[in-house]
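Here's the letter readout for the chains.
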Amino acid sequence: MESVETLTCPLCGLEHRRVSLLPGEKAVCTRCDSVMSRGHRSRGDAPLAWCVTGLLLAPAACFLPFMSAGKLGAERVSALFTGVEALWGNGMRALGALVLFAGGVLPVALLAILGLLLASAKFPSIIPLRGGLIRAARALEEAAIPEVQVLAILVALTRLGGLVHVRMLAGFWCYCAMSLCLLLAEHGFDFGEISPADAAEGSPVAS
């Protein structure tokens, strides 16, 4: 495993000395020209702020009315997980559980884990948990996909718009904002084997 002072190319294995990149810069392997790291545009406390904001928006996204659909005076208001309840009740329990975890539980968990990693630079008591938190963040990175659920809802709207009157309510906009916060927090965090102090300041990279 590479040390904090060096960065190893994932393709050819050549080790490089770590330096800090400016926003928009990238570190390229001197042997195979593969991109090893990039300078994130979100620096300082911005990624931590996105994590906190996303966590604050999560309860509102879960409990506020999400959308309404109506026709001829009859209207039904649904919440974020109304679809999960419908899938579960109709025997599609595996699909319902997948939607619940990928669209709700895992994004919130990833926001919390990234927030702890970024806050560990300011709260040293969190540092002993760093290794496990980084592994958990890496595992959740690919599975937490709230933006896919947002796209699925928008696609459904294009199909339902001609049949019923659909309105997006406060819960939907809070969910979209939470998803955006997660994407921005991930963009400002380096999932490499780095120290939390480096992660909070911007990705340490190699030349």
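In the block above lies the structure referred to throughout.
Here the structure is a predicted model, which means the values were calculated and not measured.

1. Here we look at the sheet that holds strand 5 (residues 67-71)
And then number 1: Within the open sheet, the 3 strands sit side by side as 6-5-7. Their pairing is antiparallel. Sheet topology places strand 6 (74-78) and strand 7 (165-168) at the edges, where each strand pairs with a single neighbour. Each strand of the sheet is rotated relative to its neighbour by a mean of 15°, with strand direction disregarded.
And then number 2: Bridge count between strand 5 and strand 7: 4 bridges; the pairing is antiparallel. Paired with serine 68 across the strands is arginine 167, a residue of strand 7.

2. Some thoughts on the side chain of serine 78
And then number 1: One can find serine 78 in strand 6.
And then number 2: Relative accessible area serves as the criterion here: at 16%, serine 78 is assigned to the buried category.
And then number 3: Leaving out residues up to four positions away in the same chain, serine 78 has contacts with Pro65, Phe66 and Met67.

3. Notes on helix 3 (residues 93-119)
And then number 1: Compared with an ideal rise of 1.5 Å per residue, which puts 27 residues at 39 Å, helix 3 spans 37 Å between its outermost C-alpha atoms and is within 8% of the ideal.
And then number 2: Residue phenylalanine 101 marks the point of greatest curvature in helix 3, where the axis turns by about 40°.

4. Re the packing of aromatic side chains
And then number 1: Applying the stated criterion across every chain yields a total of 3 aromatic pairs.
And then number 2: Arranged with centres 5.6 Å apart and planes meeting at 85°, the rings of phenylalanine 66 and phenylalanine 172 form a pair that is edge-to-face. Linking phenylalanine 66 in the loop between helix 1 (46-63) and strand 5 with phenylalanine 172 in helix 6 (residues 170-187), this pair joins segments that are 106 residues apart in sequence. An identical accessibility class is assigned to phenylalanine 66 and phenylalanine 172; each is buried.
And then number 3: The exposure class of phenylalanine 66 is buried, given its relative accessible area of 3%.
And then number 4: Taken together, the ring pairs connect Phe66, Phe172, Trp173 and Tyr175 into an aromatic cluster.

5. Structural notes on the environment of glutamine 149
And then number 1: Looking at the element boundaries, glutamine 149 is found in helix 5 (residues 146-160).
And then number 2: Given the relative accessible area of 16%, glutamine 149 is considered buried.
And then number 3: A sequence separation of 45 residues divides glutamine 149 from glycine 104, and the C-alpha atoms of the two residues are 9.5 Å apart.
And then number 4: Excluding anything up to four places from it in sequence, glutamine 149 contacts Leu80, Val99, Gly103 and Tyr175.

6. What about the layout of surface pockets?
And then number 1: Of the pockets and cavities examined, the largest pocket occupies roughly 500 Å³.
And then number 2: Contributing to the lining of the largest pocket are 20 residues, with Met67, Ser78, Ala79, Thr82 and Gly83 lying nearest its centre.
And then number 3: It is helix 5 that contributes the most residues to the lining of the largest pocket, 6 residues altogether.
And then number 4: Tallied by class, the residues present in the lining of the largest pocket amount to 14 nonpolar, 5 polar and 1 charged.

7. With respect to the side chain of serine 179
And then number 1: Structurally, the position occupied by serine 179 is in helix 6.
And then number 2: Sequence-distant contacts of serine 179, defined by excluding residues within four places in its chain, comprise Pro146, Glu147 and Val150.

Cut-offs applied
- Residues numbered from 1 in each chain as written.
- Predicted model: local features only at pLDDT ≥ 70, side-chain atom pairs only at ≥ 80, totals over all residues.
- Heavy atoms only, no water.
- Pairing = 2+ DSSP bridges.
- Helix = DSSP H or I, 4+ residues; strand = E, 2+ residues; numbered from the N terminus.
- Axes fitted to C-alpha atoms, helices over the stretch in contact; angles between N-to-C directions.
- Buried < 20%, exposed > 50% of the residue type's maximum accessible area, 1.4 Å probe, protein only.
- Contact = heavy atoms within 4.5 Å.
- Expected span 1.5 Å × (residues − 1).
- Bend = angle between axes of the 7 residues up to and from the residue.
- Phe/Tyr/Trp six-rings, centres within 6.5 Å; stacked < 30°, edge-to-face > 60°.
- 1 Å grid on protein atoms, 1.4 Å probe; cavity = no way out; pocket = protein on both sides within 12 Å on 5 of 7 lines; lining within 4 Å.
- Points joined across faces, edges and corners; volume = space filled by probe spheres on them.
- Nonpolar A, V, L, I, M, F, W, Y, C, P; charged D, E, K, R; others polar.

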